[in-house]
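A closer look at the structure
If you want the building blocks of each chain, they are given just below.
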Amino acid sequence: MIYVLVGGPRDGQHVDDLPRGYRLSLSDPQPEPFGEFDTVRAVWFELDEAMFRSAQRRD
């Protein structure tokens, strides 16, 4: 499964693992074909953005 990231710092990227701050899109329940893989959208949440910023400050 390939995830298409929507919004946030990695907008537009295709990844094979969901990064922190992204959640599966509930409005697109059906995977779409992308070459030989299925893709689903993962969207950035504002609440997660605040947690992402605080995690970066600790690093």
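A short tour of the structure in this document, coming up. The model shown is predicted, which means the values in this text are computed figures rather than measured ones.

Things to note about the nonpolar core
One broad rule of soluble globular proteins: the nonpolar side chains tend to lie buried together. Tyr 3, Leu 5, Val 15, Tyr 22, Val 40, Ala 42 and Trp 44 form the largest nonpolar core, which has seven residues in total. Counting residues per element, the ones that place at least two in this core are β1 (2-6) and β5 (37-44). Among the elements that take part in this core, β5 stands out by supplying three residues, more than any other.

Describing the pairing of β1
Consecutive residues of a regular strand have side chains that alternate between opposite faces of the sheet. The element β1 is largely enclosed, with a buried count of four among its five residues. Bridge count for β1 against β5 is five bridges, and the pairing is parallel. Looking across to β5, one finds that Tyr 3 is bridged to Val 40. Pairing of β1 with strand β2 (residues 14-15) involves two bridges; the strand directions are antiparallel. Across the sheet, residue Val 4 finds its bridge partner in β2, namely His 14.

With respect to the side chain of Ser 25
Assignment of secondary structure puts Ser 25 in the loop between β3 (22-24) and β4 (32-34). With residues up to four places along the chain from it excluded, the contact list for Ser 25 reads Arg 41, Ala 42 and Val 43.

A few points about the pairing of β5
Taken together, the three bridges between β3 and β5 define a ladder with antiparallel strand orientation. In the sheet register, Tyr 22 faces β5, and the bridge partner there is Trp 44. Summarising the sheet, β4 and β5 pair through three bridges and their orientation is antiparallel. Bridge assignment links Phe 34 to a residue of β5, and that residue is Phe 37. In this structure, the hairpin formed by β4 and β5 is closed by a connection of two residues, where Gly 35 is found at a positive phi of approximately 65 degrees.

Cut-offs and rules
Residues numbered from 1 in each chain as written. Predicted model: local features only at pLDDT ≥ 70, side-chain atom pairs only at ≥ 80, totals over all residues. Heavy atoms only, no water. Core = buried A, V, L, I, M, F, W, Y, C linked by side-chain atoms within 4.5 Å. Buried < 20%, exposed > 50% of the residue type's maximum accessible area, 1.4 Å probe, protein only. Helix = DSSP H or I, 4+ residues; strand = E, 2+ residues; numbered from the N terminus. Pairing = 2+ DSSP bridges. Contact = heavy atoms within 4.5 Å.

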